[in-house]
Amino acid sequence: MDRRSVLRATIATGATATAVGAVAGASAATASAPKRPVRVHILMYPGVEEMDFAGPVEVFGMARGLGGDITTTLVTVDATSPVTATHGTRVEATGRWSPRETNLLVVPGGGYRRADTPGVAYEIQRGVLPAAIRAALTIAGICTGTMLLSAAGLTAGRPCITHHRAADDLRAQGGIVTDARVVDDGDLVTAGGVTSGLDLALWLVERQLGAALAVQVEQVLEYERRGTVWRA
C-alpha cells in the first residue's frame with residue numbers, strides 16, 4: 001500500500017497508530033488536527049534561494065485554494081522590496097515581519113559559503129535577521145535557512161536539519177542534527193536542502209489543517225512527499 005493510501009485509510013478509520021518510514025506523518029493525531037487559522041510569514045532577503053520560498057508559497061496557496069484557513073505573506077525585516085533572489089529573480093515582498101501578525105514564520109535558505117555576497121552567510125554576519133526572528137512563536141527553517149535559526153540561538157540542543165553541506169556547522173553550533181527530510185520539534189520545524197521545502201510545507205499543512213487537505217494539495221501538485229518526518 002502506498003503512502004497516500006495509508007493516509008486515506010487513516011483519515012477514514014481514525015486509526016491511532018502512526019505509520020513509519022515514508023508515512024511517518026500519517027497518524028490519527030494529524031488526521032484530526034484542529035483546523036485553526038494559519039497565518040504564515042515567509043522571510044525574504046537579498047540572495048534568498050528561489051525554490052526555498054517558491055515551494056512553500058505554492059503549497060500554502062494551494063491549500064488556501066482548496067478551502068484551508070491559511071494566508072501567506074512574503075515579508076522583509078529591513079530590506080527594501082523588491083528583493084533579488086539567488087538566481088536573479090526579483091520578488092515583491094508585501095509586508096514586514098511582525099510576530100503579532102503571524103503564528104508561523106518560514107525562513108528560506110540562500111547563499112551560505114560567502115559572507116561578501118547576498119545570502120545567509122552575509123545575513124548572519126550582519127546580525128539583523130537572527131535578532132529579529134527570535135520573537136517567532138513557531139518557526140520553520142528550510143535548507144540553509146536553518147543556519148539563520150542557529151545564529152539566532154534557536155537550534156542549540158534541539159533536533160534539527162539543514163542542507164547536507166552545512167550540517168557540520170549546525171552540529172558544531174549545538175544543533176542535534178537529525179537524519180530526516182523534515183524534523184518537527186514542536187515550535188521548531190526544519191528541513192534539508194532545497195526541494196525539501198515542499199515536504200516541510202506539506203507537513204505543516206497536514207499538522208495544522210489536517211491530513212485530508214495535505215493529500216488534496218499533493219494530488220493537485222502531482223507531487224509525492226519523500227523521506228521521513230521525524231517528530232519529537
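Every chain's residues receive numbers from 1 upward, in the order its sequence appears when written. Restriction of local features to residues with pLDDT of at least 70 applies here, the model being predicted, together with a cutoff of 80 or more for giving and counting side-chain atom pairs; totals for whole chains, interfaces and linings are based on all residues. Derived side-chain values reflect all non-hydrogen atoms in the structure, with water molecules and hydrogen atoms excluded from consideration.

Visitor: Is there a simple way to explain the overall build of the chain in this structure?
Guide: Note on conventions: DSSP H or I runs of at least 4 residues are helices, E runs of at least 2 residues are strands, and numbering of each starts at the N terminus. Looking only at helices and strands, one finds nine helices and twelve strands in the chain. The buried share among the 232 residues of the chain stands at 53%. Only heavy atoms matter for contacts: two residues are in contact if any of them lie within 4.5 Å across the pair. Summarising the internal contacts of the chain: among those between residues at least 6 apart in sequence, 62% fall at separations of at least 24. When a residue's accessible area, from a 1.4 Å probe over protein chains only, is under 20% of the maximum for its type it is buried; when over 50% it is exposed; and in between it is partly exposed.

Visitor: Help me understand the nonpolar core in this model?
Guide: Buried together is how nonpolar side chains tend to be arranged in soluble globular proteins. Ranked by internal contacts, the top residues of the largest apolar core, which has 58 residues, are Phe 60, Ile 133 and Ile 139. In terms of residue count, the dominant contributor to this core is helix H8 (residues 196-209) (eight residues). Excluding anything up to four places from it in sequence, Ile 133 contacts Leu 43, Trp 97, Leu 105, Ile 139, Leu 148, Leu 149, Ala 152 and Leu 154. Throughout, nonpolar core names a set of buried Ala, Val, Leu, Ile, Met, Phe, Trp, Tyr and Cys residues whose side chains join them through atoms within 4.5 Å.

Visitor: Explanation requested: the confidence of the model for the chain in the structure shown.
Guide: Atomic detail in the predicted coordinates should be set aside for any region of low pLDDT. For the chain, mean pLDDT is 88; residues scoring 70 or higher make up 85% of the total. Confidence scores here are pLDDT values: one per residue, from the predictor, ranging 0 to 100. In the predicted structure, residues 1-33 sits below a pLDDT of 50 and forms 58 contacts with residues beyond four places in sequence or in another chain.

Visitor: What am I meant to see in the pairing of strand E6 (residues 104-107) here?
Guide: Note on strand geometry: in a regular strand, side chains alternate between the two faces of the sheet. A two-sided burial pattern is seen for E6, the buried positions comprising Leu 104 and Val 106 on one face and Leu 105 and Val 107 on the other. Alignment of strand E1 (residues 38-43) against E6, held across three bridges, turns out to be parallel. Across the sheet, the residue bridging to Ile 42 is Val 106, located in E6. Strand pairing is defined by DSSP finding a minimum of two bridges between the two strands. Here three bridges tie E6 to strand E7 (residues 139-142), and the two strands are oriented parallel to one another.

Visitor: Help me understand the pairing of strand E11 (residues 188-191), please; the structure alone is not making it clear to me.
Guide: In E11, alternate side chains face the same way, and those of Leu 188 and Thr 190 on one face and Val 189 and Ala 191 on the other are all buried. Taken together, the four bridges between E7 and E11 define a ladder with parallel strand orientation. Residue pairing in the sheet places Ile 139 in a bridge with Leu 188 of E11. Bridge count between strand E10 (residues 182-184) and E11: three bridges; the pairing is antiparallel. Looking at the pairing, Val 182 lines up with Ala 191 of E11. Remark: three residues form the turn of the hairpin made by E10 and E11, two consecutive strands paired antiparallel; Gly 186 in that turn has positive phi of roughly 80 degrees.

Visitor: Would you mind showing me how to read unusual backbone geometry here?
Guide: Among all residues except glycine, the phi angle is most often negative; among peptide bonds, the trans geometry is most common. At the junction of Ser 81 and Pro 82, the peptide bond is cis and its omega measures out at 5 degrees in the coordinates. By secondary structure assignment, the location of Pro 82 is in the loop between strand E2 (70-76) and strand E3 (83-84). One non-glycine residue with positive phi stands out, namely Cys 143, at about 55 degrees. Summarising the element assignment, Cys 143 is placed in the loop between E7 and helix H6 (145-151). The phi angle at Val 194 is positive, at roughly 45 degrees, despite the residue not being glycine. The exposure class of Val 194 is partly exposed, given its relative accessible area of 27%.

Visitor: Help me understand the pattern of salt bridges in this model?
Guide: Two side chains bearing opposite charge may form a pair once their charged atoms approach each other closely. Think of a salt bridge as a Lys or Arg side-chain nitrogen and an Asp or Glu carboxyl oxygen that are within 4 Å of each other. Inspection of every chain in the model, using the stated rule, returns twelve salt bridges. One salt bridge in this structure joins Glu 123 and Arg 126, with 2.9 Å as the shortest N-O distance. Residue Glu 123 and its partner Arg 126 are located together in helix H4 (residues 120-126), separated by three residues, close to a single helical turn. Of the charged contacts, one joins Arg 158 and Asp 187 as a salt bridge, the two residues approaching to 2.7 Å between their closest N and O atoms. Linking Arg 158 in the loop between H6 and strand E8 (159-160) with Asp 187 in the loop between E10 and E11, this pair joins segments that are 29 residues apart in sequence. A residue is classified by how much of its surface remains accessible, and Arg 158, at 23% relative accessible area, is partly exposed. Residues joined by salt bridges that share partners form a network here, namely Asp 78, Glu 123 and Arg 126.

Visitor: Looking at this structure, I do not really get the side chain of Asp 52. What am I missing?
Guide: Position of Asp 52 relative to the elements: it lies in helix H3 (residues 50-65). In summary, the charge assignment counts Lys and Arg as positive and Asp and Glu as negative, without counting His or the chain termini. Despite its burial, Asp 52 remains without a salt bridge, the nearest opposite charge being carried by Arg 181 at 9.9 Å. Within polar-contact distance, the side chain of Asp 52 engages the backbone nitrogen of Gly 109 at 2.8 Å. Polar contact criterion, stated in full: a pair of N or O atoms within 3.5 Å, where within protein one must be able to donate a hydrogen and the other to accept it, and residues adjacent in sequence count only if both atoms are side-chain atoms.

Visitor: How should I be thinking about the sheet that holds E10 in this particular structure?
Guide: Whenever strands of a sheet pair, they do so through backbone hydrogen bonds, lying parallel or antiparallel. Spatially, the eight strands line up as an open sheet ordered E5-E2-E1-E6-E7-E11-E10-E12, and their pairing is mixed. At either margin of the open sheet sits one strand with a lone partner, and together these are strand E5 (95-96) and strand E12 (229-231). Lines fitted to the C-alpha atoms define the axes, with helices restricted to the stretch that makes contact. Angles between their N-to-C directions range from 0 to 180 degrees. With respect to the sheet, H3 is in contact with E1, E2, E6 and E7, its orientation differing from that of E2 by roughly 155 degrees. Against the sheet, H8 contacts E1, E2, E6, E7, E10, E11 and E12, and its axis sits at roughly 150 degrees relative to E11.

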